[in-house]
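The chain contents come next:
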Number of protein chains: 2
Amino acid sequence: MMLNPADAAFRARLSADLPDDVLRDADARYLEEPRGVYVGQPALLALPRTTEEVSTLIRHANDARVGVVPYGGGTGLVGGQVAPDGPVPLILSLERMNKLRDVYPDENVLVVEAGVILADVQAAADAVDRLFPLSLAAEGSARIGGNLSTNAGGTGVLRYGNSRDLCLGLEAVLPDGQIWNGLTRLRKNNTGYDLRHLLIGAEGTLGVITAAALKLFPKPARTGTALLVVNSPRAALELLSLAKAQLGEMISAFELIHRQGMDFLSQTLPDVRQPFAEPPEWSVLIDVGLSGELDPSEALETLFAAAHEAGLVTDGLIAQNAAQATDFWNVREMIPEGNRQIGSISSHDISVPLSAIPDFIAKGGEILARIGEFRINCFGHVGDGNLHYNVFPLKGKNRADHDHQKAEIQAAVHDLVQEMGGSFSAEHGVGRMKRADLEHYGDPAKLSAMRAIKSALDPNGIMNPGAVVNV
Amino acid sequence: MMLNPADAAFRARLSADLPDDVLRDADARYLEEPRGVYVGQPALLALPRTTEEVSTLIRHANDARVGVVPYGGGTGLVGGQVAPDGPVPLILSLERMNKLRDVYPDENVLVVEAGVILADVQAAADAVDRLFPLSLAAEGSARIGGNLSTNAGGTGVLRYGNSRDLCLGLEAVLPDGQIWNGLTRLRKNNTGYDLRHLLIGAEGTLGVITAAALKLFPKPARTGTALLVVNSPRAALELLSLAKAQLGEMISAFELIHRQGMDFLSQTLPDVRQPFAEPPEWSVLIDVGLSGELDPSEALETLFAAAHEAGLVTDGLIAQNAAQATDFWNVREMIPEGNRQIGSISSHDISVPLSAIPDFIAKGGEILARIGEFRINCFGHVGDGNLHYNVFPLKGKNRADHDHQKAEIQAAVHDLVQEMGGSFSAEHGVGRMKRADLEHYGDPAKLSAMRAIKSALDPNGIMNPGAVVNV
């Protein structure tokens, strides 16, 4: 598909149909992304205030065959938000569309525009004594439209699902400029193909989300946190089953931690308070959120007793107050920073079927041992089957010593994931960074259907060109 | 799109590539549907045993431009399963693909073929001490592939979601005969467009589901049932909010019942035990399923006390044992049969936003009063915003007396639903019966996207021709 640049003539045509301050040259921050792998080329930036203005922009871009790069908070980790090559694109930032349109506490529904920052969505829910459970590291700058476009995961998935599970309806502008008003607040609506789920996770390649009706939840009345030492990843999974049997949907988080992460923390961030004098090889961080009259400490003690009886856990700490719970979570949340300071050779955001996790961890170690000597920090959302599997040099070496092995490591890990029925991108999406992985590992029938859908809805290929799918 | 009939030459080509007993003339039961609105024409019937055979059938049909009508349990209520006109089609029944492929209790996953009967899916979950929560009247004959294709609802939606929310992965044959292996058991997988959610709810117009990975749940340790008398539909909604605040996700059902339904029951089925001597105008049937150490009766008593204090409920019964709970549910479940015996003029499966329910009920009555004198039985899954809104003649008249008003009543109800942001088909789908409603009430951008997707994935229009969308 040949695209044209967003040149002066194009800009002039847009200007004629839009308020003066909607268009400008893109400043540097719109051309950067957190991993620094891609740098966007100079671009025209549009900052629309209304859905109608978004429609006008897209319609002109479609007429002129100009590429459009939708831009939320810019926090994506796979380069979906920057176009490093091709004709000069139009960057379409939703940041001015940041209104809370409506809140319906009795319905547990909040309707927001796409440019609202995730933390502000959470705060708006909190203001009516409700919970919006999507929570992730970038929540202070990520915008909800981007979260939905990438189907963001985060720490609440085990209990509340991914972003797509938190959305009842969407308003969006399709690649021909038509506005789709699908901003329903209905829990049941079987009237034709589900465009909502098609746009969610399409990373801006099939249209631009402009507003969403989001699901809210009652706040759990009381919460509790425990850090339990398990014998093995398999014991962690059995503990999860036990916890589900005892506590059902009340388990809010179930995170696996390996000694390597705690060791890196002691080394790089000695001020972080460590709960154990001697870091255990494997531990699990559990959060519960209870309704009604249940006591979280009692519930966790009951769980611990049964798990100890079953030989799954050998030791454990139940947070006695909020400060201690924060300390436990602080260890989990600082592990990525410890990793960063050590410097990984290769990092993987993978998922496998839950019961395959122990095998994946065992085989991963064997496969890497055939390539060389490494330290592995494997941790993450084990309750979702989502592991962060990061490979580090031995002490005394650094990542540059292993540059020549990086591609081999990545292929070995992704091949193993594929063999076990897993995913090479559990929560970050495809963007530009993992498009080759999708071509390599993706199901051929799915890829052909994706191309057909992309061509049908965006025949000129203007929406986020270069991301996700190549037509 | 011009289709060809499934004639002798076509049958001969299929026969050459398939086992002898896969093909036969369709017997009468494949040409009927429960409402009796459509009668299928004579057709060729295929009964494949494997996904590869389904692929062979679809590939030949696509090559020959022969229409394919996918057939599950035949229980759909909108004529999606029969083709009353057009060239003779191939009916593709999944009934022989009825294997439980795998069960993973620790993952809470069950992998089944599309032809497994819903009740057998529930039983397979039960056999490993898990719950598959999809539950509906036709569960003894409906097949899971059809449930997914139509995104079936039922009584468990409030707590567990619609069919689409219970599915982790699909295997399907696309309209060109390609097999898509998307039978993942992953909870997180962000690798391209979500074909799963596109096929779910497409009612067989974009391909044929051949297998699914389903979510299982821990069984609630203890359950409880209450029938509470509320002052009004608005009080019912406030009671729902209160119940959610107290019991969170533990509310399994929340059904509204109107006096009219109980009156019809007394009249037509006097043997059904009625819990109240004098039927209340509005009542709510609540089910809770609790984990851990909670006592369901205590939880319901606490709820009743708070609701009484708040002036929402005036009276109520908490089931003291399983037999009493069954009695309460029996009233709810027999209401449709009472309706059937009275004979409605017009029945509606509608949804509106939760908070619009009281207004909908009030305005519905006003609008119908302008058309004529009727009895209205409004009841159903109020926790989901899904009401069965059925219009009956006054005592002494019968439905034939109102035939001339039927179209006007339907349009008035659907117009009101549309005006309030609701849906003319909450859980039954579009099929052939509601295609005109979809054209009339559907969002134009959505309709154009639907047509583009249909043309892209099924350019010859062979899949369930005449259902859902007209290209």
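Residues numbered from 1 in each chain as written. Chains lettered and ligands numbered in written order. Predicted model: local features only at pLDDT ≥ 70, side-chain atom pairs only at ≥ 80, totals over all residues. Heavy atoms only, no water.

Defined as follows: UniProt positions are given in the numbering used here, feature names are shortened, and annotations may be inferred rather than shown by experiment.
Per an unreviewed UniProt entry, chain A goes by the name D-2-hydroxyacid dehydrogenase and belongs to Sulfitobacter pacificus. Per UniProt, chain A has the following entry under Sequence similarities (unreviewed entry): "Belongs to the FAD-binding oxidoreductase/transferase type 4 family."

1. Looking at the interface of chain B and chain A
The test is simple: Here, two residues are considered to be in contact whenever any of their heavy atoms come within 4.5 Å of each other. What counts as buried area is the accessible surface, traced by a 1.4 Å probe, that two parts surrender upon association, with contributions from both included. When a carboxyl oxygen of Asp or Glu lies within 4 Å of a side-chain nitrogen of Lys or Arg, that pair is called a salt bridge. Nitrogen and oxygen atoms within 3.5 Å of one another constitute a polar contact, given that in protein one can donate a hydrogen and the other can accept it, and given that sequence-neighbouring residues count only through two side-chain atoms. The way it works is that DSSP assigns letters per residue, a run of H or I at least four long becomes a helix, a run of E at least two long becomes a strand, and they are numbered from the N terminus. Under the scheme applied here, ten amino acids are nonpolar (Ala, Val, Leu, Ile, Met, Phe, Trp, Tyr, Cys and Pro), four are charged (Asp, Glu, Lys and Arg), and all others, including Gly, are polar.
Taken together, the contacts link 81 residues of chain B with 81 residues of chain A. At the boundary of chain B with chain A, total buried surface from both sides reaches about 6500 Å², with 56% on carbon and sulfur atoms. When the buried area of chain B at its contact with chain A is split by residue, B:Lys188, B:Asn190 and B:Tyr193 rank highest and sum to 17% of it. Remark: the boundary between chain B and chain A carries eight salt bridges. In this structure, A:Lys188 and B:Asp384 form a salt bridge, with 3.5 Å as the shortest nitrogen-oxygen distance. One can count 40 residue pairs in polar contact (both at pLDDT 80 or more) joining chain B with chain A. Counting residues per element, the ones that place at least two in the side of chain B that touches chain A are α5 (157-160), β9 (179-182), α6 (195-199), α7 (233-247) and α14 (444-457) of chain B. Its residues assigned to classes, the side of chain B that touches chain A comprises 34 nonpolar, 31 polar and 16 charged.

2. Here we look at the relation of the copies chain B and chain A
As a reminder of what qualifies: Each copy is superposed on the other by least squares, with the fit set by C-alpha atoms of residues at a pLDDT of at least 70 in both.
For the match of chain B to chain A, the screw axis carries a shift of 0.0 Å, the RMSD comes to 0.0 Å, and the turn is 180°. Between the two chains, the operation in question is that of a two-fold axis. Comparing contact sets, 100% of the residues at the interface of chain B also lie at the interface in chain A, consistent with an isologous, same-surface contact.

3. Side note on the domain arrangement of chain A
All names here are of chain A. Quick note on the threshold: For each domain, the first and last residues come from an automatic or database assignment.
What the domain assignment reports for chain A is domain 1 (100-218) and domain 2 (222-419). A C-alpha centroid distance of 29 Å is found between domain 1 and domain 2. With six residues of domain 1 at the interface, the matching set in domain 2 holds eleven residues. When domain 1 packs against domain 2, close to 700 Å² is buried across both sides, 52% of that on carbon and sulfur atoms. If you sort the residues of domain 1 by the area they bury against domain 2, Thr155, Leu158 and Arg159 come out on top, with a joint share of 85%. For the pair domain 1 and domain 2, the number of links is zero salt bridges. For the pair domain 1 and domain 2, the interface holds five residue pairs in polar contact (both at pLDDT 80 or more). Along the lines of polarity and charge, the residues of the side of domain 1 that touches domain 2 split into two nonpolar, three polar and one charged.

4. Some thoughts on the environment of B:Met262
Positionally, B:Met262 belongs in helix α8 (residues 259-268). Leave out the neighbours within four places in its chain, and B:Met262 touches B:Ile257, B:Gln274, B:Pro279, B:Pro280, B:Ser283 and B:Val331.

5. Observations concerning helix α2 (residues 51-64) of chain B
All names here are of chain B. In plain terms, the rule: Here the expected span of a helix is defined as 1.5 Å times the quantity of residues minus one. Only protein chains enter the accessibility calculation, which uses a 1.4 Å probe; a residue whose area is less than 20% of its type maximum is buried, one above 50% is exposed, and one in between is partly exposed.
Taking 1.5 Å of rise per residue, the 14 residues of α2 would be expected to cover 20 Å, and the 20 Å separating its terminal C-alpha atoms lies within 8% of that figure. Among the 14 residues in α2, eleven count as buried, and that is most of the element. Burial in α2 covers these residues: Thr51, Glu53, Val54, Ser55, Thr56, Leu57, Ile58, His60, Ala61, Asn62 and Ala64. With its phi angle positive at about 55°, arginine 65 sits one or two positions after the end of α2.

6. Details of the state of the cysteines
Stated precisely, the cut-off is as follows: When two cysteine sulfur atoms lie within 2.5 Å, the pair is treated as a disulfide.
Taken as a whole, this structure holds zero disulfides over all chains when the rule is applied. Free of any disulfide, B:Cys167 has its nearest neighbouring cysteine sulfur in A:Cys167, separated by 19 Å. When its relative accessible area of 1% is taken as the criterion, B:Cys167 is described as buried.

7. What about unusual backbone geometry?
Not every positive phi belongs to a glycine, and A:Asn108 is a case in point at roughly 55°. On the secondary structure map, A:Asn108 appears in the loop between β5 (100-104) and β6 (109-113). The phi torsion at B:Asn464 lies on the positive side, around 45°, for a residue other than glycine. Mapped onto the fold, B:Asn464 is located in the segment after α14. For B:Asn464, a relative accessible area of 2% gives the class buried.

8. Here's the deal with the packing of helix α1 (residues 8-17) of chain B against α2(B)
All names here are of chain B. The cut-off we apply is this: Axis lines are fitted to C-alpha atoms, over the contacting stretch for helices. Their N-to-C directions set the angle, which ranges from 0 to 180 degrees. In this scheme, roughly parallel covers angles under 35 degrees and roughly antiparallel covers those over 145, while 65 to 115 is roughly perpendicular and the rest are oblique. Left-handed is the label given to a crossing in which the near helix is rotated counterclockwise from the far helix by less than a right angle, and right-handed is the label when the rotation is clockwise.
Contact geometry of α1 with α2 gives a least axis separation of 10 Å together with a crossing angle of 150°. One way to sum up the angle between α1 and α2 is to call them roughly antiparallel. Both α1 and α2 take part in a crossing whose hand is right-handed. Contacts between α1 and α2 involve Phe10, Arg13, Leu14 and Asp17 from the first element and Thr56, Leu57, Arg59, His60, Ala61 and Ala64 from the second. A per-class count over the contact of α1 with α2 returns five nonpolar, two polar and three charged.

9. Here we look at the sheet that holds β6(A)
Residue and element names in this part refer to chain A. Note the following rule: Between any two strands, pairing holds if DSSP finds at least two bridges.
One open sheet accounts for five strands, arranged β5-β6-β10-β8-β9; its pairing is antiparallel. Each having just a single partner strand, β5 and β9 (179-182) make up the two edges of the open sheet. The average angle at which neighbouring strand axes cross in this sheet is 10°, direction not considered. Inspection of the sheet shows β6 paired to strand β10 (residues 208-215) by five bridges, in the antiparallel sense. Bridging from a neighbouring strand, valine 109 pairs with lysine 215 of β10.

10. Brief notes about the packing of helix α7 (residues 233-247) of chain A against helix α11 (residues 357-371) of chain A
All names here are of chain A. Look at α7 against α11: their axes get within 8 Å of each other, and the N-to-C directions meet at 165°. As far as their axial angle goes, α11 and α7 are roughly antiparallel. Of the two possible hands of crossing, α7 and α11 adopt the one that is right-handed. Here Pro233, Arg234 and Leu237 of α7 lie close against α11, whose contacting residues are Ile357, Pro358, Asp359 and Ile361. Considering only residue class, the contact of α7 with α11 consists of five nonpolar, no polar and two charged.

11. Overview of the nonpolar core
Filter applied, for reference: Buried residues of nine kinds, namely Ala, Val, Leu, Ile, Met, Phe, Trp, Tyr and Cys, make up a nonpolar core once their side-chain atoms join them within 4.5 Å.
Counting residues in hydrophobic clusters, the biggest one holds 141 residues, and the most contacted among them are A:Phe132, A:Ile144, B:Phe132 and B:Ile144. The dominant element in this core, judged by the number of residues it contributes, is α14(B), at seven residues. With near-sequence residues (within four places) excluded, A:Phe132 lies in contact with A:Leu118, A:Val121, A:Gln122, A:Ala125, A:Ile144, A:Leu166, A:Leu214, A:Lys215 and A:Leu216. One finds A:Ile345, B:Val230, B:Ala243 and B:Ile361 within the second-largest nonpolar core, a separate group that totals 99 residues.

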